[in-house]
Amino acid sequence: MSENLSAIGRIAYPNIATARARDLPDGTKGEPRHSVTLVFSDEVNLAAMKAECTRVALEKYPNGLPKKFKSPFRSGEERQGDDGSYPEGFNATDTFCEFWRYERFGKIPCVDQHRNDLLPSDIYAGMTGRVAYRAFCYDVSGNKGISLGLEGFQKAGDGPRIGAAPINPREAFGDLEDDDVDSILADSSVEDDAAF
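Keep in mind that this is a model prediction, so the values were computed, not measured.

Peer 1: Outline the packing of aromatic side chains, supporting the account with residue identities and numerical values.
Peer 2: Scanning the entire structure with this criterion turns up 4 aromatic pairs. Judged by centre distance (4.9 Å) and plane angle (75°), the rings of W100 and Y102 are edge-to-face. Note on W100: relative accessible area 12%, which makes it buried. Y102 gets classed as partly exposed once you look at its relative accessible area, which sits at 26%. An aromatic cluster is built from W100, Y102 and F136, whose rings are joined through pairwise contacts. Across the ring face of W100, the terminal group of R33 is positioned such that the distance to the ring centre comes to 4.1 Å. One cation-aromatic arrangement involves R161 over Y124; the distance from NZ or CZ to the ring centre is 4.1 Å.

Listed below in structure tokens is the structure:
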């Protein structure tokens, strides 16, 4: 098996169900790709993942890594906003790793804890999981480093959702009768002098 298994982390920015095109530095859109970011607390042992990335990098550059060679392991400090805050649910000591694959290579196989099929749409920010990945070197427009290819996903457990959770329409809305609709339409026609 050429893929490696990541440590278990919290899910952030899941784009497994729907591929997204990234904005490129030249202002164009990149090729659509599936991706997920795993966020590891400082208590998680990432030695095996780092060893695999080192092995791949030194295989490509046996005489030493180029200057400014980019690591796939990003410090939580890099996610600090201008106001000093961090993304919801994360902090400076976390490590972020993005795993991705171009949409043209097909959907990402997903399973639950017992290896039953899992719908990609069931993966949400805040749950825990791990991925099967392949580390590879890139050299694009003078930028060199290691990327992590996304080969598969396994859910490890549920967790509090991060970001806007989808509403349950059965709880958000009440039943509508014809009289209710007429009343709502009448209310919407009333002029309002609110500021916004």
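Peer 1: Would you mind going over the layout of surface pockets in detail, with residue names and values included?
Peer 2: Volume-wise, the largest pocket comes out at about 1200 Å³. In terms of lining, the largest pocket is formed by 32 residues, of which the most central are R22, R33, E98, W100 and S147. When residues of the lining of the largest pocket are traced back to their parent elements, those giving at least two are β2 (9–20), β3 (33–40), β5 (95–102), β7 (128–140) and β8 (143–157). Considered class by class, the residues forming the lining of the largest pocket number 13 nonpolar, 8 polar and 11 charged.

Peer 1: A description of the pairing of β2 should follow, citing residues and the corresponding values.
Peer 2: Pairing between β2 and β7: 2 bridges, direction antiparallel. Looking at the pairing, R10 lines up with T128 of β7. Alignment of β2 against β3, held across 5 bridges, turns out to be antiparallel. Within β3, the residue paired with I11 across the bridge is L38.

Peer 1: Tell me what's going on with the side chain of R101, and back it up with residues and numbers.
Peer 2: As for its placement among the helices and strands, R101 is situated in strand β5. Among the residues examined, R101 registers a relative accessible area of 13% and is labelled buried. Side-chain polar atoms of R101 contact the backbone oxygen of K107, separated by 2.6 Å. Ignoring anything within four residues of it in the chain, the contact list for R101 reads R33, H34, G106, K107, I108, P109, L150 and E151.

Peer 1: An account of the pairing of β8 is requested, with residue identities and associated values reported.
Peer 2: Of all 15 residues that make up β8, 11 are buried, and the element is covered over most of its length. Alignment of β5 against β8, held across 2 bridges, turns out to be parallel. Bridging across to β8, W100 finds its partner in G149. Across 2 bridges, the pairing between strand β6 (residues 110–111) and β8 is parallel. Paired with C110 across the bridge in β8 is F153. Two elements, β7 and β8, share 13 bridges in a ladder whose sense is antiparallel. Within β8, the position partnered with F136 by the bridge is S147.

Peer 1: Before we move on, could you go through the environment of K67 and cite the residues and values that matter?
Peer 2: With respect to the helices and strands, K67 occurs in the loop between α1 (47–60) and β4 (74–75). Classification of K67 by relative accessible area gives exposed; the value is 81%. Here the alpha-carbon distance between K67 and N143, two residues 76 residues apart in the chain, equals 9.9 Å.

Peer 1: Tell me about the nonpolar core, and name the residues and values.
Peer 2: Membership of the largest hydrophobic core comes to 29 residues, with the highest contact counts inside it found for M49 and F99. Where this core is concerned, the elements lending two or more residues are β2, β3, α1, β5, β7 and β8. Those residues within four positions of F99 in sequence are excluded, and the remaining contacts are S6, H34, S35, V36, L38, M49, V131, Y133, L148 and L150. Residues A12, F96, A125 and I162 belong to the second largest nonpolar core, which totals 6 residues.

Thresholds, definitions, all that
Residues numbered from 1 in each chain as written. Predicted model: local features only at pLDDT ≥ 70, side-chain atom pairs only at ≥ 80, totals over all residues. Heavy atoms only, no water. Phe/Tyr/Trp six-rings, centres within 6.5 Å; stacked < 30°, edge-to-face > 60°. Buried < 20%, exposed > 50% of the residue type's maximum accessible area, 1.4 Å probe, protein only. Lys NZ or Arg CZ within 6 Å of the ring centre and 35° of its normal. 1 Å grid on protein atoms, 1.4 Å probe; cavity = no way out; pocket = protein on both sides within 12 Å on 5 of 7 lines; lining within 4 Å. Points joined across faces, edges and corners; volume = space filled by probe spheres on them. Helix = DSSP H or I, 4+ residues; strand = E, 2+ residues; numbered from the N terminus. Nonpolar A, V, L, I, M, F, W, Y, C, P; charged D, E, K, R; others polar. Pairing = 2+ DSSP bridges. Polar contact = N/O pair within 3.5 Å; in protein donor to acceptor, adjacent residues only side chain to side chain. Contact = heavy atoms within 4.5 Å. Core = buried A, V, L, I, M, F, W, Y, C linked by side-chain atoms within 4.5 Å.

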